[in-house]
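Close look at the chain arrangement
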Amino acid sequence: MAVDTGARVGEVVEASTDSFVAQAYRLYEAPPLGALVRTGSDTPTFGVICYTTTRGVDPNRRPIARGEHLADEASVYQENPQLELLLKTEFNVVIIGHEESGSVRHYLPPGPPRIHAFVHQCTDEEVRKFTQDLGFLELLLNSRNASDDATSALVRQAALCHEDSQIFLVRAGKELAMLLQGQGMRLNGVLRRLG
Amino acid sequence: MALDFLKVSSQIEAMAGQVEARGPERAVKLDRAVRELHEADPLALEDKRHRAKTTFLVPGITGPLSLQVPCPSTPPDFAVLASDGSHIDVSRHAAARCFLINIGLVELRYGAAPGARLESYPRLYSDPEEMAVVDPQDRLRPQLIEGQLLGIVRGIQELQALADFAESLPEDMPALALVDGTLILLSFLGQTFPDYVKRQLLQDEFLAALTRLRILSEKRPLAVAGYISLPGSTEVVNALRVSLCPYDPPDCDAHCRVIQPGERPCDEVDGLRDRDVLLRHLQEGERSGVFSSQSSVVRDWYGEHEVRFFYVNLGDEIGRVEVPAWVAQNDGLLSLTHSLIVDQSRRGHGYPVALSEAHEQAVVSGRDRQEFARLVEESLERRQLTASTSEKDLSKRLKWL
């Protein structure tokens, strides 16, 4: 489902120095893999959606199949309106920088965001400003919580926010080649996903 | 020590063997009961019932016992409300005298604009005035709200919460308000409690909440019902007993007091429950005729809310549905109740989904109870108030060797 760019999309429910988990306000409405999000007002913290899950709110209640006799998937939710409240979508975010005195810093903020901090999906302008310099890639590639799929997804989405996407992709490719020196197979994998 | 299952399992096996052995005899009784269901003349039976003096409860008969009403269709848009509750009782082992009632409430809307509300309302009671029912004429002997009485108070609050929820429904939306279990506060049957308790709890609170729902139903199609899954009741079977009784009028004490159990003429249907007979008789989705409860508490106190009931075949089981007389006497509301109970059970794999979600909202797990006790203790200790739990309770928690 489409999410308004810049919209408030969820709230932090678990936080640590280098990552946080947020619950999406609406079921299935997490920003896409690789989307840049911002949280916190005093120290705006930026991160990338690296992993999204949808499951029962109560860990002891497992969803069961309900649609065998229904025409389509939408009907399952229409005929069982309680499901929207009994399921939740959460997204894991790897922190790749913050803002300090109006300047972008591509390193970890002094502390994790607060629980219940609002999470916004960044606007195109915010993405462009944050990815102007490619320093965030180092943090992302070295994070134990991020996948290369999330890295390439972020680069692909960021390219669309820059005036010349092609130039941005070439610049990002070179930066990746430098950071992944000696890891040819991994570099190939990331670059292949940029296409 | 845990229960010694080695010793218990052989006893369970023996019991299963006995049940199996009774199978053929039970099948004969079931055939007899279903035949009597068809053959009994409702007018004659109702007349006989009026004159009978039985040791068991026989419901009022309002139509043919063999009635099978097919499931009506549901309205295009409708809502189902349900409430359930649980409580943490007063514990003399605990640090403070208090109890907690947690009410779970659910509203599910179906049709063009589906939606849901799932809520729970926990409330702690520690004010002595709120924890007792007091006789205005004799303030020295209050009836403490705990144990059985707390269960009744909780049941009352479930209905009151349902009435609160129903007030917010749009006026044009047909709705069914469901409570878990019976509408008859059975515990009063035993005459355990003095009249002022019945007046305050039953009349001023429970029946007053039913009246609120009845008034709401004047403005919109709103039915209220109590749903009992796998009911153990035998009232319809008792009516068959009266029908089979060769004495007129039937008088158990006069004719059968000294007869060996199993030898009485009405024992042809002995040991059967209503659900056994009706599962054989009703097709899936069908309901039985409506019967009226003759329990003394209903007769003495319920007035316009006199409880009527019917059984409905929900596929895997027979459910018992209790409704106030004003629902039973309104064909539209009765049909609405029937169709929405069947629809809810279909959506809930055999059990009304609104009730099962209300239960989930209300339930207080064993772990929650421990956490509650811990919080009470901690809170009192922080204020340097004595918070000693009993040594017995401590010894249960610390399983040392």
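Source: prediction; values computed, not measured. (Residues numbered from 1 in each chain as written. Chains lettered and ligands numbered in written order. Predicted model: local features only at pLDDT ≥ 70, side-chain atom pairs only at ≥ 80, totals over all residues.)

Before going further, it helps to examine the overall build of chain A. Each helix and strand in chain A was counted, giving 7 helices and 7 strands. Along chain A, helices and strands appear, N-terminal first, in the series β-β-β-β-α-α-β-β-β-α-α-α-α-α. What you see for chain A is a C-alpha radius of gyration of 18 Å, in line with the 16 Å of a compact globule of 195 residues. (Helix = DSSP H or I, 4+ residues; strand = E, 2+ residues; numbered from the N terminus. Rg over C-alpha atoms; globule rule 2.2 N^0.38 Å.)

Before going further, it helps to spend a moment on the overall build of chain B. On a plain count of helices and strands, chain B comes out with 14 helices and 11 strands. Whereas a compact globule of 401 residues would reach a radius of gyration of roughly 21 Å, chain B reaches 24 Å, a difference of no more than 12%. Dimensions along the principal axes, computed over C-alpha positions, put chain B at roughly 75 × 60 × 50 Å. In chain B, buried positions account for 37% of the 401 residues. The long-range fraction of contacts in chain B, counting pairs at least 24 apart against all pairs at least 6 apart in sequence, stands at 74%. (Buried ≥ 20, exposed ≤ 12 C-beta atoms within 10 Å, placed from the backbone. Contact = placed C-beta atoms within 7 Å.)

Here we come to unusual backbone geometry. Omega for the bond connecting Asp248(B) with Pro249(B) falls within 30 degrees of zero, at 5 degrees, which places this linkage in the cis form. Within the fold, Pro249(B) resides in the loop between helix 6 (235-244) and helix 7 (252-256). You will see that Ser101(A), though not glycine, has its phi angle at about 50 degrees, which is positive. Position of Ser101(A) among the secondary structure elements: in the loop between strand 5 (87-100) and strand 6 (103-105). When the 5 C-beta atoms within 10 Å are taken as the criterion, Ser101(A) is described as exposed. Residue His349(B) is not a glycine yet carries a positive backbone phi of 55 degrees. Along the chain, the position of His349(B) falls in the loop between helix 11 (331-347) and helix 12 (353-362).

Here chain A averages 93 in pLDDT, and 97% of its residues register 70 or above. Taken together, the stretch residues 1-5 of chain A has pLDDT below 50 and engages in 9 contacts with residues farther than four places along the chain or on a different chain. (pLDDT = per-residue confidence, 0-100.)

This brings us to the interface of chain A and chain B. Counting residues at the interface gives 7 residues for chain A, matched by 9 residues for chain B. Taken together, the elements giving at least two residues each to the side of chain A that touches chain B come down to helix 1 (73-79) and helix 2 (83-86) of chain A. Of the residues belonging to the side of chain A that touches chain B, the class tally is 2 nonpolar, 3 polar and 2 charged. (Nonpolar A, V, L, I, M, F, W, Y, C, P; charged D, E, K, R; others polar.)

It is worth spelling out helix 6 (residues 165-179) of chain A at this point. All names here are of chain A. Look at helix 6: 21 Å from first C-alpha to last across 15 residues, which is about the 21 Å you get at 1.5 Å a residue. The set of residues buried in helix 6 consists of Phe168, Ala172 and Leu176. Looking straight down helix 6, one finds that the buried residues subtend no more than 70 degrees of arc, so they occupy a single side. In helix 6, those exposed residues whose orientation departs by more than 90 degrees from the buried face are Gln166, Ile167, Lys174 and Met178. (Expected span 1.5 Å × (residues − 1). Arc of directions from axis to C-beta.)

Moving on, we come to the domain arrangement of chain B. We note that the domain assignment places domain 1 (78-233 + 273-366) and domain 2 (368-396) within chain B. Measuring from the centre of the C-alpha atoms in domain 1 of chain B to the corresponding centre in domain 2 of chain B gives 33 Å. (Domains from an automatic or database assignment.)

Residues and elements named next belong to chain B. Looking at the secondary structure, you find Arg347 in helix 11. What makes Arg347 buried here is the crowd of 20 C-beta atoms within 10 Å. Separated by 105 residues in the primary sequence, Arg347 and Val242 place their C-alpha atoms 38 Å from one another.

Residues and elements named next belong to chain A. The contact between helix 6 and helix 7 (residues 184-192) brings their axes to 10 Å, and the two run at 165 degrees. Comparing their axes, helix 7 and helix 6 come out roughly antiparallel. The handedness of the crossing between helix 6 and helix 7 is right-handed. Mapping the contact onto sequence places Gly173, Leu176 and Ala177 in helix 6 and Leu187, Val190 and Leu191 in helix 7. (Axes fitted to C-alpha atoms, helices over the stretch in contact; angles between N-to-C directions. Parallel < 35°, antiparallel > 145°, perpendicular 65-115°, else oblique. Left-handed = near helix turned anticlockwise from the far one by under 90°.)

This brings us to the nonpolar core. Within the largest apolar cluster, 91 residues are counted, with the highest numbers of intra-cluster contacts made by Val80(B), Leu81(B), Ala177(B), Leu178(B) and Ala354(B). Top element by residues in this core is helix 4 (residues 148-167) of chain B. It accounts for 10 residues. Ranked by size, the runner-up nonpolar core spans 39 residues in total, among them Ile49(A), Ile95(A), Ala158(A) and Val190(A). (Core = buried A, V, L, I, M, F, W, Y, C linked by C-beta atoms within 7 Å.)

All names here are of chain B. Direction of pairing for strand 5 (residues 132-135) relative to strand 6 (residues 138-144): antiparallel, over a ladder of 3 bridges. Paired with Val133 across the bridge in strand 6 is Gln143. Linking two consecutive strands that pair antiparallel, namely strand 5 and strand 6, is a turn of 2 residues. (Pairing = 2+ DSSP bridges.)

The next thing to look at is the sheet that holds strand 4 (residues 115-125) of chain B. Pairing between the strands of a sheet comes from backbone hydrogen bonds, and it takes one of two forms, parallel or antiparallel. All names here are of chain B. Strand order in the open sheet formed by 9 strands is 1-9-10-11-8-7-2-3-4, with mixed pairing between adjacent strands. Two strands close off the open sheet at either side, each with one partner strand: strand 1 (60-61) and strand 4. Across the sheet, helix 5 (residues 195-219) touches strand 7 (175-180), strand 8 (222-229) and strand 11 (318-324), and the angle it forms with strand 8 is around 130 degrees.

With 17 residues, helix 11 of chain B should reach 24 Å at 1.5 Å per residue; the first-to-last C-alpha distance of 24 Å fits that figure. Extensive coverage of helix 11 of chain B is indicated by the burial of 13 of its 17 residues.

In this section: the packing of helix 3 (residues 124-131) of chain A against helix 5 (residues 148-161) of chain A. Residue and element names in this part refer to chain A. Where helix 3 meets helix 5, the axes come as close as 9 Å, and the angle between the chain directions of the two elements is 110 degrees. Between helix 3 and helix 5, the interaxial angle falls into the category roughly perpendicular. The two elements helix 3 and helix 5 cross, and the hand of that crossing is left-handed. Contact residues: helix 3 offers Asp124, Val127, Arg128 and Thr131, while helix 5 offers Gln157, Ala158 and Cys161. Across the contact of helix 3 with helix 5, the residue classes tally to 3 nonpolar, 2 polar and 2 charged.

Moving on, we get to the confidence of the model for chain B. The predicted model of chain B has a mean per-residue pLDDT of 91, with 94% of residues at 70 or higher. Overall fold confidence for the complex sits at a pTM of 0.85, while the interface term, ipTM, reaches 0.73.

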